[in-house]
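A structural walkthrough
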Amino acid sequence: MSRKALFFDIDGTLMSEVTREVPESAKEALRRTRECGNLVFVNTGRSYSELGKIKQMVEPDGWLCGCGTYIEVDGKSLYHRIMPEEQRRMICQAIEDADMDGLMEGKDGCYVPSPDSRFAEGRRIRKSIHFALRSMDWSESCGDVEKFCVLADEKSDRAGFFRKLGLDIDVIDRGNGFYECVPAGHSKANAIDRILEAYDLTLEDAYVFGDSTNDLSMFEHVPNAIMMGKHSPQLEPYASFCTKTVEQDGIWYAMEHLGLLE
């Protein structure tokens, strides 16, 4: 079998959202497929600074972070796209004007506008111990930012906010008033193309594994698309195989079924 490149989402795919651990079966599957000569990449919406303990749980060939805004292969940066400071300031002001909460995400840290939030998800993010999070005045420079997320509720002016974003930002609706916002032209699919080009591989050589709406670009783009047992219905029209859940050793099950372990 020719060399393959495998791309994995983290939450709900590699890592259980119940136990917050990567099953031993998944770790062994990734180790074994690399021994067979295949390439393994973590392809996530998280910025590099948000990877947390997953870096100690798995050993991939590279990290594709922030929906394609930062790519690291064999410990070296292959691609890094930083938002212009003027754009970052405009977006921060728009979040405040729309009465929303937000999270600015970058390779070296993440930034929130205040130490507290009226949003439950905003409070959960602030309590996270898994990545570097700083509360600071967004009118100041707050480090390199690659992408951002926003939270909205019935008090928020969502329509006004998204109008201000214009065409420079692609928005992924994650549900329940949570939106992931990425510079236009960047996605998990775009990150895959950069890797395939670097290794002289084709789309047919790629396999993607995911479960949620921010995996949609991968599923629309790559013919070998493996959907976890628990998944967003939006992935179903594009999935080539549905495996078991994380907790049911779904990664191992799929990779064994597809001949990626030998």
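The structure presented is a predicted model; accordingly, all values stated were derived computationally and were not measured.

Side note on the overall build of the chain
Scanning the chain from terminus to terminus reveals eight helices and 14 strands. At 18 Å, the chain has a C-alpha radius of gyration in line with the 18 Å of a compact globule built from 262 residues. With the C-alpha coordinates of the chain rotated into their principal frame, the extents come out at 55 × 35 × 35 Å. Across the chain, contacts joining residues at least 24 apart in sequence account for 58% of those joining residues at least 6 apart. Accessible surface, the chain as shown: approximately 11800 Å² in total, 47% of it carbon and sulfur. Across the chain, the centroid of the 31 positively charged side chains sits 3 Å from that of the 46 negatively charged ones.

Focus on the sheet that holds strand β14 (residues 241-242)
Pairing is mixed across the open sheet formed by eight strands, whose spatial order is β5-β4-β3-β2-β1-β12-β13-β14. Unpaired on one side and paired on the other, β5 (76-80) and β14 mark the two borders of the sheet. Pairing analysis gives four bridges linking strand β1 (residues 5-8) to strand β12 (residues 206-210), with the strands arranged parallel. Bridge assignment links Phe-8 to a residue of β12, and that residue is Phe-209. Running over the sheet, helix α6 (residues 188-199) touches β1, β2 (39-43), β3 (62-65), β4 (70-73), β5 and β12 and is turned about 155° from β2.

Focus: the sheet that holds strand β10 (residues 169-175)
With respect to topology, six strands assemble into an open sheet ordered β8-β7-β6-β9-β11-β10, the strand pairing being mixed. A single partner strand is all that each edge strand has here, and the edge strands are β8 (133-135) and β10. In this sheet, neighbouring strand axes are inclined to one another by 20° on average, regardless of whether the strands run parallel or antiparallel. Across six bridges, β10 lies against strand β11 (residues 178-183) in antiparallel orientation. Considered in β11, the bridge of Asp-173 is made with Tyr-179. Packing against the sheet, helix α3 (residues 85-97) makes contact with β6 (101-105), β9 (147-151) and β10, and its axis sits at approximately 160° to β6. Packed onto the sheet, helix α4 (residues 120-127) meets β6, β7 (110-112), β8, β9 and β11 and runs at close to 35° relative to β6.

Details of unusual backbone geometry
A positive phi angle, near 55°, is found at Asp-200, a position not held by glycine. On the secondary structure map, Asp-200 appears in the loop between α6 and β12. When its relative accessible area of 70% is taken as the criterion, Asp-200 is described as exposed. With a phi close to 65°, Asp-249 is a non-glycine residue in the positive phi region. Relative to the assigned elements, Asp-249 resides in the loop between β14 and α8 (250-257).

Structural notes on the environment of Tyr-48
Take Tyr-48: it is sitting in the loop between β2 and α2 (54-57). Remark: the alpha-carbon pair of Tyr-48 and Leu-64, spanning 16 residues in sequence, is separated by 8.3 Å. Filtering out sequence-adjacent residues up to four positions away, Tyr-48 remains in contact with Lys-55, Trp-63, Cys-65, Tyr-70, Glu-72 and Lys-107.

The rules behind each value
- Residues numbered from 1 in each chain as written.
- Predicted model: local features only at pLDDT ≥ 70, side-chain atom pairs only at ≥ 80, totals over all residues.
- Heavy atoms only, no water.
- Helix = DSSP H or I, 4+ residues; strand = E, 2+ residues; numbered from the N terminus.
- Rg over C-alpha atoms; globule rule 2.2 N^0.38 Å.
- Contact = heavy atoms within 4.5 Å.
- Areas by Shrake-Rupley, 256 points an atom, 1.4 Å probe, with all protein chains shown as cover.
- Lys, Arg positive; Asp, Glu negative; His and termini not counted.
- Charge placed at Lys NZ, Arg CZ, Asp CG, Glu CD.
- Pairing = 2+ DSSP bridges.
- Axes fitted to C-alpha atoms, helices over the stretch in contact; angles between N-to-C directions.
- Buried < 20%, exposed > 50% of the residue type's maximum accessible area, 1.4 Å probe, protein only.

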